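Secondary and tertiary structure notes
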Amino acid sequence: MSDNADPRLSRSHIIHSARADQIRLNLQAIAGGRPYITARLSRLPFESDASWSGRNSVKGDQGRIDRAFLINYASRIAAKINQFVFSTEVRRTNADPRFIADATRTGVSITGFMARASELVTAARWCWISVDRDSLPRDAQGNPVQRSVADKEASGDRVYWSLWEPQEVVDWNFDASGKLRFVITEQSVYDNSDFTRPAVIRPVRTIWQRGGGVRLWLNPDDRKIAKEEAFTSTLDEVAFVPVGTLSAAPWWFDDVENVQASLLNLDSVHGENLFQTVFPQLVLPDGMLQTLMDALKISGEGVMEMVRGLRYPIFEPLEANGQTRYLTPNATDLKAIPDEILRRRRELFEIVGLAMKQNENSRQVESAEAKAWDHLDPEAVLKERAVLLEESETKAVGLSKRLDSTFPEYTPIYGKTFNVRDVAEEMATLLDIGKLTLPDEGKKEVQRAGVGILDRVFKIPEARKQKIMAEIDTQKPPPIDKAAIGGT
């Protein structure tokens, strides 16, 4: 069998095949920048090359694709979810401080690692965590060499985790018990190890199996196998943990990306309208050009430079009464696209929720029940995310312990209570309640609630917060002013 016919080089899970393109767009949307603009900015029907790409980029004559910019709502949404999920510090009792500070052996902390995993789940519905360590030293017969803990630490050998984006894991298979039979990954590795040759970006396919696997280094041009390396593992299972749900069905973030792409294009078109039309357009009588040329003894180009500055004027025939004037666009007509942009942005945040409200002077007053109902969905989604990350990290810890018996096992505990309500609204409501005639205990409850809101905004130290609460509990009601109520 030739390399080209090797099925290992072309295998792709049906879920991976169905979702890879959209997931790539979703991740580009979160990353933002020029790559996403290039991928999603659409050329208008019959748009000229000069308008789209410019006439001469060397001289700075840029086209619309170069002038386009992105307001990255998708990234804001993903960041907002992580802000809530990691607002409470994850408890990892008994964990190795070295692992907490550097879970990947590349300087990424476990909190940063899991935050990135959460971001990938937001964008793509799932990602993968792999657990690995250095290969054990072996003797001449190929048997593992036993080492002391000190020797192991001195060699730098310890468990580390890797995070895999969905499109990097191209195929997988589970057995009847739900355990992985194999996982196939594909990466692009920058290879500049040989300074006598040009650096290349080389595709690498790795087949991970129970007890080991094989790594296939491919030629970048024809994807033929350039080198095949086998490796072993002391773990009799595939050390990968799926985070999220492996599914070919559409994901809610697909809609976020689609709306963001539409906003990108509307912003670009509106910017082009402003760029092309929102300036006073000079209108000259048709005979003025020749008159000025004759009077000043200069060329037509010189006359044009004098009368127009940077803009080309419109020439009218002499029958137009010889009036020189400016034409300006109707500002009302130019509002249509910005209004549509605001509408779509408002709808986007309304769908996603997460307390990312847009200020509107005309906003209608909602009932407390309606507001509470609106917050149920985000709070449930955030709790579900916290549980997912907690369970996935726990599974990865278990794999780490089985791979290395000296790995300090721990159970991560994520916060699962979230308050996505608007602080200003809550405080205003609390102040209104405080105006009511309440019994002393009712007034204390209002004060306690106020301290809770204050803590969310300014993060009051726990000891100080307990002292404030104790003062509320022990404070005595003010004496009754008998004179004020007509007493003696």
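Note that this is a predicted model, so its numbers are computed, not measured. (Residues numbered from 1 in each chain as written. Predicted model: local features only at pLDDT ≥ 70, side-chain atom pairs only at ≥ 80, totals over all residues. Heavy atoms only, no water.)

**Considerations on the overall build of the protein chain**
Just so we agree on the cut-off: Helix numbers and strand numbers start at the N terminus; a helix is a DSSP run of H or I with at least 4 residues, a strand a run of E with at least 2. Residue burial is assigned from relative accessible area. The probe radius is 1.4 Å, only protein chains are included, and a residue is buried under 20% of its type maximum, exposed over 50%, and partly exposed in between. What makes two residues a contact is simply this: any of their non-hydrogen atoms within 4.5 Å. All accessible areas in this document rest on Shrake-Rupley with a 1.4 Å probe, and a residue is counted as covered only by the protein chains that are shown.
Helices and strands together make up the secondary structure of the protein chain, namely 17 helices and 11 strands. Looking at the protein chain as a whole, 36% of its 488 residues are labelled buried. Here the analysis covers contacts within the protein chain between residues at least 6 apart in sequence; of these, 67% occur between residues at least 24 apart. As displayed, the protein chain has an accessible area near 29000 Å², and 54% of this comes from carbon and sulfur atoms.

**Overview of a nonpolar patch on the surface**
Operational definition: To count toward a patch, a residue needs a relative accessible area above 30% and no salt bridge. Like charges then connect within 9 Å, nonpolar side chains (Val, Leu, Ile, Met, Phe, Trp, Tyr) within 5 Å. Salt bridge criterion: a side-chain nitrogen from Lys or Arg within 4 Å of a carboxyl oxygen from Asp or Glu.
On the surface, Leu-454, Val-457 and Phe-458 cluster together to form a nonpolar patch covering roughly 300 Å² of accessible area. For Val-457, the position within the fold is in helix 16 (residues 440–458). According to the relative accessible area criterion, Val-457 is partly exposed, its value standing at 42%.

**Focus: the nonpolar core**
Quick note on the threshold: The set of buried Ala, Val, Leu, Ile, Met, Phe, Trp, Tyr and Cys residues whose side-chain atoms join them within 4.5 Å is what this entry labels a nonpolar core.
Counting 72 residues, the largest nonpolar core has Trp-128, Trp-161 and Val-183 as the members making the most contacts within it. Take this core: its biggest share by element is nine residues, from helix 7 (residues 110–124). The next biggest cluster of nonpolar side chains, apart from the first, holds nine residues, and it includes Val-170, Phe-182, Ile-207 and Ile-225.

**Here we look at the confidence of the model for the protein chain**
For the record, the criterion: A score between 0 and 100, pLDDT records how confident the predictor is in each residue.
Per-chain confidence: the protein chain averages 81 in pLDDT, with 74% of residues scoring 70 or above. For residues 354–376, every residue scores under 50 in pLDDT, and the model assigns this stretch 22 contacts once sequence neighbours within four places are set aside.

**Remarks on the sheet that holds strand 6 (residues 212–218)**
Our working rule: The pairing criterion for strands is at least two bridges between them, as found by DSSP. In this analysis, axes come from line fits to C-alpha atoms, helices being fitted only over the stretch in contact, and the angle between any two N-to-C directions falls in the range 0 to 180 degrees.
Strand order in the open sheet made by the five strands is 3-4-5-6-7, with antiparallel pairing throughout. If you trace the sheet from one side to the other, it starts and ends with strand 3 (169–174) and strand 7 (225–232), each paired once. Ignoring which end each strand starts from, the neighbouring axes of this sheet average 15 degrees apart. In this structure, strand 6 lies alongside strand 7, joined through seven bridges in antiparallel fashion. Paired with Arg-215 across the bridge in strand 7 is Glu-229.

**Re the sheet that holds strand 8 (residues 240–244)**
Ordered in space as 2-1-8, the three strands form an open sheet in which the pairing is antiparallel. The strands lining the two open edges of the sheet, one partner per strand, are strand 2 (160–164) and strand 8. Along the sheet, successive strands turn relative to each other by an average axial angle of 25 degrees, direction set aside. With five bridges connecting them, strand 1 (residues 126–132) and strand 8 associate as antiparallel partners. For Trp-126, the partnering residue across the bridge sits in strand 8 and is Gly-244.

**Things to note about the packing of aromatic side chains**
Going by this rule: Classification of ring pairs uses Phe, Tyr and Trp, with its six-membered ring standing for Trp, and accepts pairs whose centres are within 6.5 Å; under 30 degrees between planes counts as stacked, over 60 as edge-to-face, and the remaining range as tilted.
Tallied over the full model, the rule gives 12 aromatic pairs. Measuring from ring centre to ring centre gives 6.1 Å for Phe-86 and Tyr-414, while their planes differ by 65 degrees; the resulting arrangement is edge-to-face. Here Tyr-414 lies in the loop between helix 14 (368–403) and helix 15 (423–434) and Phe-86 lies in the loop between helix 5 (73–85) and helix 6 (97–101), a separation of 328 residues in the sequence. Overall, the relative accessible area of 17% leaves Phe-86 in the buried class. The class of Tyr-414 is buried, set by a relative accessible area of 3%. Between Trp-251 and Trp-252, the ring centres sit 6.0 Å apart and the planes meet at 50 degrees, which makes this aromatic pair tilted. Taking the relative accessible area as the measure of exposure, Trp-251 reaches 18% and is therefore buried. Judged by relative accessible area, which is 30%, Trp-252 ranks as partly exposed.

**Describing unusual backbone geometry**
Of note, the phi angle at Asn-94 is positive, near 75 degrees, even though the residue is not glycine. The exposed category is assigned to Asn-94, whose relative accessible area is 61%. Located in the positive-phi region is Arg-223, a residue other than glycine, with phi close to 60 degrees. Mapped onto the elements of the fold, Arg-223 is located in the loop between strand 6 and strand 7.

**Considerations on the pattern of salt bridges**
With the rule as written, the count across this model stands at 26 salt bridges. Across the pair Arg-223 and Glu-186 runs a salt bridge whose closest N-O atoms are separated by 2.9 Å. Of this pair, Arg-223 sits in the loop between strand 6 and strand 7 while Glu-186 sits in strand 4 (residues 180–191), and the two are 37 residues apart along the sequence. Look at Arg-223 and you get partly exposed, because its relative accessible area is 29%. Ionic contacts of the salt-bridge type, sharing partners, join the residues Asp-6, Arg-8 and Glu-228 into one network.

**Observations regarding helix 1 (residues 14–31)**
Using the following cut-off: Expected helix span is taken as 1.5 Å per residue step, with the number of steps being one fewer than the number of residues. Two axes enter the bend calculation: one fitted to the seven residues ending at the residue in question, the other to the seven starting there, and the bend is the angle between them.
Its 18 residues give helix 1 an end-to-end C-alpha distance of 26 Å, which sits within 8% of 26 Å, the value for a rise of 1.5 Å per residue. Of all the bends in helix 1, the greatest, near 50 degrees, is centred on Ala-20. Positive phi shows up at Gly-32, right after helix 1, with a value of about 70 degrees.

**Here's the deal with the side chain of Gln-260**
Note the threshold: Under the rule applied, a polar contact is a pair of N or O atoms within 3.5 Å (in protein, one hydrogen donor and one hydrogen acceptor; residues adjacent in sequence only if both atoms are side-chain atoms).
Mapped onto the elements, Gln-260 comes out in helix 9 (residues 252–277). At 3.3 Å, the side chain of Gln-260 and the side chain of Asn-72 are in polar contact. Apart from residues lying up to four places away in sequence, Gln-260 is in contact with Ala-29, Tyr-36, Leu-70, Ile-71, Asn-72, Tyr-73 and Ala-74.

**Remarks on the side chain of Arg-202**
Within the secondary structure layout, Arg-202 lies in strand 5 (residues 200–209). A distance of 3.3 Å separates a polar atom in the side chain of Arg-202 from the backbone oxygen of Leu-218. Arg-202 has contacts with Gln-187, Ser-188, Val-189, Asp-191, Trp-217, Leu-218, Asn-219, Pro-220 and Ala-226, leaving out every residue within four places of it along the chain.

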